[in-house]
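Here are the chains, one letter per residue:
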Amino acid sequence: HGGSGVSAQPMTDAESRKGAKNRASKALEAHLKQQPNRAVEFAVGLEGGVNESDDGKLECHAWMCVHHVNSNTDGFARSGSFALPLEVTKLVRGGMELGAADDKVFQRTKSGQGSGTVGLLTHNVIDRCEYYKHALVLALVPFVNPKLYLKTTEE
C-alpha cells in the first residue's frame, strides 16, 4: 500500500483523483519490484476525499483508478458521495483527517478502517467494501468494452 502523493486529507475531487492514480502507479511499481518475473494486467489505486458541495456542505467520496498495463491506459470512476455531519465537517475543515474526526464524533477508534464513515452513517446498510465496489466496477468499464474506449493500432 503505497503513498498517494497528495495531502493526508484530500479536500477536492481533483486531489482525490490524483491520489488514486498515484496509488495505482505505486502498486504497479511495488509489484514489479517484488515479483519482476510475474506479469500483471491491472494495477488499482483508491483515494478517499472530501469536497465542498454547491450548497456549502462537505461531501465524502472516493476515486478509483484502474491502470491497464498493456495499453498504458487508466480507467477512473468516482464513488457516490454524501454530506458529512456538521460536527465532522467542522473538524475536517479545521484540518483533522476524516477518520480521526469520525473517531472523535462517534467515540470510536480506527473509524477510517472497518465499516468506514459510510458504514457509520448508513448504520452498515452500506459498508466501505460495498461503497468502493461500484467505483471499481465502473473504472473497469473501458477494459471490458475496449472497442468503445481504447485506441486500436489501425487508428
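You'll find the structure just up there.
Residue numbers here run from 1 along each chain, matching the order of that chain's written sequence. With the structure being a predicted model, the display of local features is reserved for residues of pLDDT at least 70 and the display and counting of side-chain atom pairs for 80 or more, all residues being used for whole-chain, interface and lining totals. Note: side-chain values were computed over all heavy atoms of the structure, leaving out hydrogens and water.

Draft legend 1. Examining a nonpolar patch on the surface more closely. Taken together, F42, V44 and L136 make up a surface patch of nonpolar side chains, about 210 Å² in accessible area. Where helices and strands are cited, they refer to DSSP runs of H or I of at least four residues and of E of at least two residues respectively, numbered from the N terminus. Tracing the chain through its elements places L136 in helix 5 (residues 128–139). Accessible area is worked out with a 1.4 Å probe on protein chains only. A residue is then buried under 20% of its type maximum, exposed over 50%, and partly exposed in between. Residue classification places L136 among the partly exposed residues on the basis of a relative accessible area of 32%. Like-charged residues within 9 Å of one another, or nonpolar side chains (Val, Leu, Ile, Met, Phe, Trp, Tyr) within 5 Å, are grouped into patches, provided each residue has over 30% relative accessible area and no salt bridge. Under the convention used here, a 1.4 Å probe and the Shrake-Rupley method define accessible areas, while residue burial counts only the protein chains that appear. Every case where a carboxyl oxygen of Asp or Glu lies within 4 Å of a side-chain nitrogen of Lys or Arg is listed as a salt bridge.

Draft legend 2. Representation of the pairing of strand 2 (residues 58–68). In terms of burial, strand 2 is largely enclosed, as 10 of its 11 residues are buried. Strand pairing is assigned whenever DSSP identifies at least 2 bridges connecting the two strands. In this structure, strand 1 (residues 42–52) lies alongside strand 2, joined through 11 bridges in antiparallel fashion. Bridged to V44 within strand 2 is V66. Hairpin connection of strand 1 to strand 2: 5 residues between the antiparallel strands, including G56 at a positive phi of 85°. Where strand 2 lies against strand 4 (residues 82–83), 2 bridges are found, and the strand directions are antiparallel.

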